[in-house]
Amino acid sequence: MTVNYTFANLLDKMQNSDRDIRFMATTDLLHELQKDAFKLDDDNERKLISAILKVLQDSSGEVQNLAVKCVQRAVERCKERSQDLIIMELTRMTTETNNSKDERIREIASLGLKSAVQSLSSASPIGRKVASSLINTLCERGNNVPIITDALDVLATLIAKQAHNLQALSEPAAIAALEYLGHDRQPVRKRAINSLSMIIETSGPVLQQTVLSRVIELLERDPPIKPDLLKSVLQATGALATVRSTQQLKNVISIIFKLAENEDDELRESALSALEAILRKSPGAVNNLEQLMVIFTNSIKHDPNYCEEFDDDDDEEDEEDDEDQEDYSDDDDVSWKVRRSASRALNAMMSSASNVDLIMSASGTLLLQRMREREESVLIEIIAAFNTFVSLSGPKIEKYYKDSNLFATQMIKKLNSQNKKIAKSVVATLSLMVEKCPNYICMESVQLLPHICKLMNDNSPSIRLEVLSFFTKYAKTVDPEIAAAASSLIVPTLEGAIQDSFYRIATEGLRVLLLLVQKGANCLNSSTVTAALEKLELTDIDQDVKDSTILCAGALLSKNQVVSSSVEKTIRILAERMSNEMTRMSALKAMSDALQNSMISTYLLKYVSDQLLTLSSFLRKSNRQLRTLTLSFLKNLVASGCRNVDQVLLEVPPLITEGDLYVAQLAIELAAACISAKEAENEQITQKCIDLVKSSLLQGKPLVALENYLAQLAKFYPKRYKPTVRQLTDSIYR
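Basis of the calculations
- Residues numbered from 1 in each chain as written.
- Predicted model: local features only at pLDDT ≥ 70, side-chain atom pairs only at ≥ 80, totals over all residues.
- Heavy atoms only, no water.
- Phe/Tyr/Trp six-rings, centres within 6.5 Å; stacked < 30°, edge-to-face > 60°.
- Buried < 20%, exposed > 50% of the residue type's maximum accessible area, 1.4 Å probe, protein only.
- pLDDT = per-residue confidence, 0-100.
- Contact = heavy atoms within 4.5 Å.
- Helix = DSSP H or I, 4+ residues; strand = E, 2+ residues; numbered from the N terminus.
- Expected span 1.5 Å × (residues − 1).
- Polar contact = N/O pair within 3.5 Å; in protein donor to acceptor, adjacent residues only side chain to side chain.
- Axes fitted to C-alpha atoms, helices over the stretch in contact; angles between N-to-C directions.
- Parallel < 35°, antiparallel > 145°, perpendicular 65-115°, else oblique.
- Left-handed = near helix turned anticlockwise from the far one by under 90°.
- Nonpolar A, V, L, I, M, F, W, Y, C, P; charged D, E, K, R; others polar.

## Some words on the packing of aromatic side chains
(1) Moving on: Summed over the entire model, instances satisfying the criterion amount to 6 aromatic pairs.
(2) Moving on: Judged by centre distance (5.6 Å) and plane angle (90°), the ring pair of Phe-502 and Tyr-503 falls under edge-to-face.
(3) Moving on: Given the relative accessible area of 29%, Phe-502 is considered partly exposed.
(4) Moving on: Here the aromatic cluster, defined as three or more aromatic residues joined through ring pairs, consists of Phe-386, Phe-389 and Tyr-400.

## As for the confidence of the model for the chain
(1) Moving on: With 94% of its residues at a pLDDT of 70 or more, the chain has an overall mean of 87.
(2) Moving on: In this model residues 312-328 is a low-confidence stretch, pLDDT under 50, and it forms 18 contacts with partners more than four residues away in sequence or in other chains.

## Comments concerning the environment of Phe-407
(1) Moving on: With respect to the element layout, Phe-407 can be found in helix α23 (residues 404-415).
(2) Moving on: Taking the relative accessible area as the measure of exposure, Phe-407 reaches 0% and is therefore buried.
(3) Moving on: Along the primary structure Phe-407 and Thr-507 are separated by 100 residues, whereas in three dimensions their C-alpha atoms are 32 Å apart.

## Notes on helix α21 (residues 376-393)
(1) Moving on: Here α21 contains 18 residues, and its C-alpha end-to-end distance of 25 Å stays within 8% of the 26 Å for a straight helix at 1.5 Å per residue.
(2) Moving on: Those residues of α21 hidden inside the fold are in contact with α16 (289-300), α19 (335-352), α20 (356-369), α22 (397-400), α23 and α24 (420-436).
(3) Moving on: Downstream of α21 by a residue or two, Gly-394 has a phi angle that is positive, lying close to 60°.

## So, the side chain of Gln-561
(1) Moving on: By the element assignment, Gln-561 lies in the loop between α30 (543-558) and α31 (564-577).
(2) Moving on: By relative accessible area, which is 9% here, Gln-561 ends up buried.
(3) Moving on: At 3.0 Å, the side chain of Gln-561 forms a polar contact with the backbone nitrogen of Leu-524.
(4) Moving on: Once you skip the residues sitting within four places of it in the chain, Gln-561 turns out to touch Val-517, Ala-521, Asn-522, Cys-523, Leu-524, Val-529 and Leu-556.

## A short note on the packing of helix α38 (residues 683-693) against helix α39 (residues 700-716)
(1) Moving on: The N-to-C vectors of α38 and α39 enclose an angle of 135°; their axes lie 11 Å apart at closest approach. Here α38 lies oblique to α39, going by the angle between them. Crossing geometry of α38 relative to α39 is assigned as left-handed. Taking contact as the criterion, the partners of Ile-685, Thr-686, Cys-689, Leu-692 and Val-693 in α38 are, on α39, Leu-706, Tyr-709 and Leu-713.
(2) Moving on: Residues belonging to the contact of α38 with α39 are distributed by class as follows: 7 nonpolar, 1 polar and no charged.

As structure tokens, then:
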């Protein structure tokens, strides 16, 4: 069936009186437009545009939604002439309306226009035509709120897409948007601010200064403008702040400071949000950090409907009432918005402050004290600010606050919180502290670990994964003595994780056990080890779980943490896993680890000796990592007493080349180990080594390995000394 026939058939069905047929036809058209092979001539493109525009006015909302999606694909597929046709018609439909019946169609057209302008290229001339039309609409339709809001929305989208292409229209667009900054309707003001911020991001310094000056004039007006308008002006000030506007903002920062202490909570929130934006975009505009810190401290504690008089003296009562406090709610209380904005602003100040010591010294204790916050959204921001504090302070964290009891108390409360989102956030904070200030968290871990381990019994997979992530970082970072001591708490909680049906939890649980065992954890008779070894026997599990189980088994064998009755069985399974293409690399790593334990070398040699042919075949594989692992394992195997490796040595000569000196080094070390073990000498290996001596690239460890091979050859095969020396010196005296 040709494309044109399919297209004609779809157009016919899109005009059917049956709504379901129109829906299916529009769906099929959308699928066709997504295909790279779907191409139309000029005549069919015009038919396509007409059909889509007609479907946008369909009586069915579902069909209209599909038509909006078709608009975006059609603009991507069609030529510029057709793009111009559909976009300008959508612009007309968006900016013109005659009655309430057309309003629904106009709303759909505005959605289609947004999709269409997002599909335009950044240099398309159509963007300028649309922008000009929208600016004219903004200048003419001052009272039609729906049209104005849609025009501002599309203008912001268009500027974000084609900023460079619309430079010439930046000034008229800014002037048009500024007129709506004082509009009576808040949605209009919000979209005007969004459009102005888009214009400012890509305009020159003169226009930036002009627009911000107009906004500052409204902020400085005496008597002040209405509170609702003042909130929008504060939002605009924050949105328009840039590095270039530092000097302008310095002139009004005192006004914003004053508004940040206003009795109106919503106005106070807007002022704090403006300060946050200024601190992030133009920190040089704020000089009086001491005053600002006082404002943030008072604002972050602002909770007029909640008494904290006895919080410091009655911690036990706090713990009992913790759930009630978290469930507390007052629909008329908006003070939480002030505390949330203050937390965000404090976060911004820590990130951008020049006087770090001053801010950090005041912030650490304040944030920990405010961990008692009862509103979830505020507490999340406080924890985020504390994370910034931890990241910036690093190992110096004790310098900025010394009350470790406060830290432990607040962390324990939140770890035991009924709100699991908060508990998860606190675990993430502790993970960050393990990375940034490991010494400090190690001192506190004695109190914290029991409460963290309790979270492993939670039903939420995300919380358990977060806890396992903490255990992983903790086991990697702390000293072996501390990790071994902590393992008595951590290891029992890993049994459930290893047996979990969710592969990510099982994988992370096995990795934590692996790290703890490597750090010296004693878990010989633990049920967790039994669970890990039972997992090793399974074959119908996720690949990540398989690899983690195999590596964990190798670590357990190397540290002698497997009961004697299970050692031989475990080694046999690992030997079998070496024959499987999917698990052979993990099995090689595990067997190399296990080989370090001399107490089980007899069992290991028994099963590996039967796998020598398999191991020798690995040396012919193109996978470099597999070859390096195999060579290292074979060298250790020979050193542990493995014999009859003649077949393996036949695969070694091709690996000794200057093309990969690391592989050559490992191959030479294996050959030297075989000579030391009084295995037969391979003349081809010796010849390859002599050839490698002539390479100008030979240096470092490969050269040392080659020298050791020749020394071992002369020591164990004296008759080979003179011929070998003669071959080495022939090129010199020839």
